[in-house]
Amino acid sequence: MSVKSKCVDTLRILSAEGIQKAKSGHPGICMGAAPIGFEVFADFLNFSYNNPKWDNRDRFVLSAGHGSMLLYCLLHLFGYDVTKEDLQNFRQLDSRTPGHPEYGRTAGVETSTGPLGQGIGNAVGFALAEAHLASIFNTEEYNIVDHYTYALCGEGCLEEGMGYEACSFAGAQKLGKLILLYDKNDITIEGNTANTFNEDIVARFNAQGWQVIRVPDATDLVVLKSAIEKAKADLTRPSLVICTTKIGYGSPLENSEKSHGAPLGEENLAATKAKLNWKEEPFEVPAEVKEYCRKIAEQKLNAEIYWNEKFSKYEQEFPELAAKYKQYMAGYEIDYTDLLAKFDFSTPEATRVSGGKILNELAKLMPNLLSGSADLSPSTMTNLKCSTAFTPENRAGRNIQFGIREHAMAAICNGVTLHGGLRIVCSTFFAFSDYMKGGIRLSALMDIPVIYVMTHDSIGVGEDGPTHQPVEQLIALRSIPNLKVFRPCDGKETVAAYISAFTQNSPTILVLSRQNLNQNKESGIKALAGGYILDDCKGKPDVMLISSGSEVDLCTAAKADLQAEGYKVRVVSMPCMEEFEKQTPEYKEHVLPCAVKARVCVEAASHFSWHRYARDYGEVIAMKTFGTSAPAKTVFEYFGFTKEKVTEKAKLSIKRAKQGK
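All of these numbers come straight from a predicted model, not from anything done at the bench.

1. With respect to the overall build of the chain
Reasoning step 1: Tallying secondary structure elements over the chain gives 25 helices and 18 strands in all.
Reasoning step 2: Rg of the C-alpha trace for the chain: 28 Å, near the compact-globule value of 26 Å for 661 residues, within the 12% margin.
Reasoning step 3: In terms of principal-axis extent, the alpha carbons of the chain reach across some 90 × 60 × 45 Å.
Reasoning step 4: In the chain, which comprises 661 residues, the proportion classed as buried is 61%.
Reasoning step 5: Within the chain, contacts between residues separated by at least 24 positions form 76% of all contacts whose residues are at least 6 apart in sequence.
Reasoning step 6: When the accessible surface of the chain is split by element, carbon and sulfur atoms take 49% of a total near 25400 Å².
Reasoning step 7: Of note, the chain has its 73 positive side-chain charges centred 4 Å away from the centre of its 80 negative side-chain charges.

Below, the structure written as structure tokens:
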């Protein structure tokens with residue numbers, strides 16, 4: 001047996017042992033796809049285990065994230081900070097080897113994967129970022145940005161709709177440094193895929209503009225290596241390498257769905273070791289394998305050394321370009337002090353329009369800012385006027401035309417952000433955020449600062465009707481941990497929302513209006529607190545009116561009527577509940593004093609977000625049904641979003657608070 005074959009068997013056994021010890025996991029893919037993972041790491045992947053974040057490393061994405069133990073074993077063999085003890089602690093509390101790969105937890109893990117298809121989208125984002133940065137910084141003499149992205153997927157990733165979306169986009173954009181390795185074993189949890197996934201994959205990917213290469217038997221490392229070399233050589237198209245494998249290879253459960261999502265069992269593990277002639281103690285790596293992989297890993301350190309030397313020469317010959325590169329990678333520190341003063345918010349304006357002006361101003365200050373949309377930039381106002389479209393002929397373009405592919409757009413933006421060196425904004429209509437939920441959730445889980453602009457924010461969409469009028473989306477997105485949802489009431493609050501988005505590392509969603517909104521004299525940067533007193537009264541208020549977005553206008557109008565009747569009224573704007581909840585107890589008490597029990601919360605969306613602020617005696621004016629098709633003014637009136645309704649509910653809340661019921 002060759003040492004390379006022994007390395008592959010080591011990956012199989014270590015994976016199976018870790019999963020057996022954890023009594024949980026997916027041994028099938030780890031054992032079947034072990035040759036693919038080994039070949040990529042050993043003969044192709046440029047990496048530095050001493051510096052896993054080296055700028056010009058190749059990226060490896062395990063889109064089939066349930067095969068995480070294979071990735072951890074690869075990292076262990078090739079020198080990363082993944083120890084024998086880490087392998088033994090697979091899937092245990094606080095371990096560096098969680099059930100699915102988690103970005104930021106394990107050295108060498110480029111992205112959190114597991115929800116099938118997301119990793120393909122991330123990989124497309126990595127390749128897009130590489131292509132854009134290469135167009136900015138490479139010269140005839142120096143390829144400073146020059147790396148590949150490899151992604152390993154299975155049937156599940158290709159069955160998911162977003163896999164289609166992402167691959168179609170990659171083909172249209174001719175992302176030639178993207179190589180997708182398909183672990184083709186024809187098995188999913190329910191068994192053979194004959195009834196569920198039997199299309200002509202070669203024809204499908206050819207039609208999408210990919211190079212397709214077949215490897216009839218992935219255990220043949222010579223053929224596998226040749227296939228990947230061929231994939232690398234074609235820079236005009238992304239490449240799919242179809243690797244035929246056997247799930248659970250070498251075990252009694254080979255080619256069976258029973259090896260997919262459960263440990264092999266002690267007897268089957270012992271039988272596997274016997275078949276593969278495995279003599280080592282549990283979790284031990286054979287000496288010749290350890291030495292072979294160590295030498296490869298050490299040799300690969302030379303790639304970073306060579307790149308650093310090249311960059312030093314590049315810096316001498318192109319000092320301005322080198323300084324710009326460093327700035328891209330470090331991120332731009334913007335002074336936002338005077339940002340608000342750059343805009344004249346004196347007349348009514350839709351916050352999508354305000355947002356477009358703000359984004360374009362920020363794009364001048366941040367040349368590493370990209371913006372894209374799901375075929376809606378003329379409506380979301382997110383096109384960067386200072387640049388052009390990113391295309392195969394124009395990689396320097398900063399406007400990404402994702403096409404009507406919301407789910408892939410979110411995953412691709414995650415990949416762009418994870419790559420480093422770029423910031424990205426993507427946009428669509430708010431009702432379509434449902435299509436993006438998987439990618440948005442992973443932005444929040446990985447704590448990466450993707451900015452999502454969602455326009456046409458409420459029943460104010462009007463004539464397009466309930467299919468396009470978001471109702472439940474605000475509460476759905478507010479429920480995601482580590483995600484900020486800003487719904488500003490005017491241009492100045494939109495400035496604050498963008499400042500918050502660009503000065504914090506967590507993802508942000510800006511929910512912007514289609515219809516014009518009045519500009520409030522007292523709004524502004526105070527909105528960074530998430531909630532603040534917009535319009536106050538003298539002394540203790542009789543009632544507080546609390547709202548976000550377009551409904552703030554209703555509250556200020558209702559205040560004038562209530563005040564004329566002798567009531568003391570405080571108007572609180574609450575553009576971002578997440579930021580408000582981060583404030584000190586003292587600040588929150590200042591804005592919403594517990595002693596003021598009469599409250600009215602107003603938002604043209606689901607009521608569920610508001611009961612914690614309304615409390616026992618408050619009233620909530622919100623949506624409990626879907627919307628309807630009619631002019632926006634008519635729709636608002638039909639559902640009770642009027643100053644008269646707010647006034648009525650305010651008086652009712654005051655009465656209830658006095659009566660204690």
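2. Some words on the packing of helix 6 (residues 118-137) against helix 13 (residues 319-330)
For any two helices packed against each other, the geometry is given by the interaxial angle and the distance between the axes.
Reasoning step 1: One can describe the packing of helix 6 onto helix 13 by two numbers: an axis separation of 10 Å at closest approach and a directional angle of 155°. Relative to helix 13, helix 6 is oriented roughly antiparallel. Along the contact surface, helix 6 presents Leu 133, Ile 136 and Phe 137, while helix 13 presents Leu 321, Lys 324, Tyr 325 and Tyr 328.
Reasoning step 2: Considering only residue class, the contact of helix 6 with helix 13 consists of six nonpolar, no polar and one charged.

3. Some details on helix 16 (residues 406-419)
Reasoning step 1: Relative to the 20 Å expected for 14 residues at 1.5 Å per residue, helix 16 spans 20 Å between its end C-alpha atoms, a close match to the ideal helical length.
Reasoning step 2: Burial analysis of helix 16 places 13 of its 14 residues in the buried class, which makes it a mostly covered element.
Reasoning step 3: Taken from the residues just after helix 16, Gly 420 is the one with a positive phi, measuring 100°.

4. A few points about the pairing of strand 3 (residues 178-184)
Remark: a regular strand shows side chains that alternate across the two faces of the sheet.
Reasoning step 1: Extensive coverage of strand 3 is indicated by the burial of six of its seven residues.
Reasoning step 2: For strand 2 (residues 149-153) and strand 3, the ladder comprises five bridges, and the chain directions are parallel. Within strand 3, the residue paired with Leu 152 across the bridge is Leu 181.
Reasoning step 3: Here six bridges tie strand 3 to strand 7 (residues 239-244), and the two strands are oriented parallel to one another. Residue Leu 180 lies in a different strand from strand 7, and its bridge partner there is Leu 240.

5. Overview of the pattern of salt bridges
Reasoning step 1: Considering all chains together, one arrives at 36 salt bridges under this definition.
Reasoning step 2: Among the salt bridges present, the one from Lys 295 reaches Glu 291, with a minimum N-O distance of 3.9 Å. Of this pair, Lys 295 and Glu 291 both sit in helix 12 (residues 287-317), four residues apart, which is roughly one turn of the helix.
Reasoning step 3: The exposure class of Lys 295 is partly exposed, given its relative accessible area of 44%.
Reasoning step 4: For Lys 643, the salt bridge is made with Asp 561, and the minimal N-O distance between the two is 3.4 Å. With Lys 643 in helix 25 (residues 643-659) and Asp 561 in helix 20 (residues 551-564), this pair connects stretches of sequence that are 82 residues apart.
Reasoning step 5: Since its relative accessible area comes to 32%, Lys 643 is described here as partly exposed.

6. As for the packing of aromatic side chains
Reasoning step 1: The tally for this structure, following the rule as stated, stands at 30 aromatic pairs.
Reasoning step 2: For the ring pair Phe 41 and Phe 47, a centre distance of 5.9 Å and an interplane angle of 50° mean the geometry is tilted. Take Phe 41 and Phe 47: they sit in the same class, and that class is buried.
Reasoning step 3: Centroid distance Tyr 328 to Tyr 332: 6.1 Å. Interplanar angle 70°. Geometry classified as edge-to-face.
Reasoning step 4: Aromatic rings pair up to connect Trp 54, Phe 137, Tyr 142, Trp 307, Phe 311, Tyr 314, Phe 318, Tyr 325, Tyr 328 and Tyr 332 into one cluster.
Reasoning step 5: Across from the ring centre of Tyr 148, 5.7 Å away, lies the NZ or CZ of Lys 177, which sits over that ring.
Reasoning step 6: Above the ring of Tyr 148, the side-chain terminus of Lys 232 is found at 4.8 Å from the ring centroid.

7. Details of the nonpolar core
Reasoning step 1: Leu 180, Phe 205, Leu 240, Ile 440 and Tyr 452 are the most contacted members of the largest nonpolar core, which totals 78 residues.
Reasoning step 2: Among the elements that take part in this core, helix 6 stands out by supplying twelve residues, more than any other.
Reasoning step 3: Among all residues touching Leu 180, those that are not within four sequence positions of it are Ile 120, Ala 151, Cys 153, Leu 158, Cys 167, Phe 205, Trp 210, Ser 239, Leu 240 and Val 241.
Reasoning step 4: Within the second largest apolar cluster, 56 residues are counted, among which are Ala 22, Ala 33, Ala 42 and Val 241.

8. Some words on the pairing of strand 2
Reasoning step 1: Within strand 2, five of the five residues are buried, which leaves the element mostly enclosed by the surrounding structure.
Reasoning step 2: Pairing of strand 1 (residues 59-62) with strand 2 involves four bridges; the strand directions are parallel. Across the sheet, residue Val 61 finds its bridge partner in strand 2, namely Ala 151.

9. Structural notes on the sheet that holds strand 3
Reasoning step 1: Here we have five strands laid out as an open sheet, ordered 1-2-3-7-6, and parallel in their pairing. Edge positions in the sheet fall to strand 1 and strand 6 (211-215), since each has one partner strand and no second. Going from strand to strand, the sheet's axes swing by 15° on average, the running direction of each strand aside.

10. As for the sheet that holds strand 13 (residues 508-511)
Reasoning step 1: With parallel pairing, six strands are arranged side by side in an open sheet as 9-8-10-11-13-12. Every other strand in the sheet has two partners, leaving strand 9 (399-401) and strand 12 (484-486) as the edge strands with one partner each. In this sheet, adjacent strand axes meet at a mean angle of 20° when their direction is disregarded.
Reasoning step 2: Of the strand pairs in this sheet, strand 8 (residues 369-373) and strand 10 (residues 423-429) are connected by five bridges, and their pairing is parallel. Counted as the bridge partner of Ser 373 is Ser 427 from strand 10.

Parameters and conventions
Residue indices follow the written sequence of each chain, beginning from 1 at its first position. The model is predicted, so local features are restricted to residues of pLDDT at least 70 and side-chain atom pairs to those at 80 or more, both for listing and for counting; the totals for chains, interfaces and linings are taken over all residues. Hydrogens and water are ignored here; the side-chain numbers use all heavy atoms of the structure. Think of it this way: any DSSP run of H or I at least four residues long counts as a helix, any run of E at least two long counts as a strand, and we number them from the N terminus. With C-alpha atoms as the basis for the radius of gyration, the globule rule is written as 2.2 Å multiplied by the number of residues raised to the power 0.38. Relative accessibility under 20% of the residue-type maximum defines a buried residue, over 50% an exposed one, and the middle range a partly exposed one, all with a 1.4 Å probe and only protein chains included. Here, residues are in contact when the closest pair of their heavy atoms is within 4.5 Å. All accessible-area figures derive from a Shrake-Rupley calculation using a 1.4 Å probe, and residue coverage is judged against the displayed protein chains alone. Charged residues are defined here as Lys and Arg on the positive side and Asp and Glu on the negative side; His and the ends of the chain fall outside this count. A charge is said to be at NZ when it belongs to Lys, at CZ for Arg, at CG for Asp and at CD for Glu. Every axis in this analysis is a line fitted to C-alpha atoms, fitted for helices over the stretch in contact. Angles between the N-to-C directions lie between 0 and 180 degrees. Geometric relationships in this document are graded by angle, where less than 35 degrees denotes roughly parallel, more than 145 denotes roughly antiparallel, 65 to 115 denotes roughly perpendicular, and other angles denote oblique. Residues were grouped as follows: Ala, Val, Leu, Ile, Met, Phe, Trp, Tyr, Cys and Pro as nonpolar; Asp, Glu, Lys and Arg as charged; and all remaining residues, including Gly, as polar. Here a helix's expected span is defined as the number of its residues, less one, multiplied by 1.5 Å. Note on pairing: two strands pair once DSSP finds at least 2 bridges between them. Any carboxyl oxygen of Asp or Glu that lies within 4 Å of a side-chain nitrogen of Lys or Arg is treated as forming a salt bridge with it. Here the aromatic set is Phe, Tyr and Trp, taking the six-membered ring for Trp, and pairing holds for ring centres within 6.5 Å; pairs whose planes are under 30 degrees apart are stacked, those over 60 apart are edge-to-face, and all others are tilted. Lysine NZ or arginine CZ positioned within 6 Å of the ring centre and within 35 degrees of the ring normal marks a charge as sitting over the ring. Nonpolar cores are built from buried Ala, Val, Leu, Ile, Met, Phe, Trp, Tyr and Cys residues. Side-chain atoms within 4.5 Å join them into one set.

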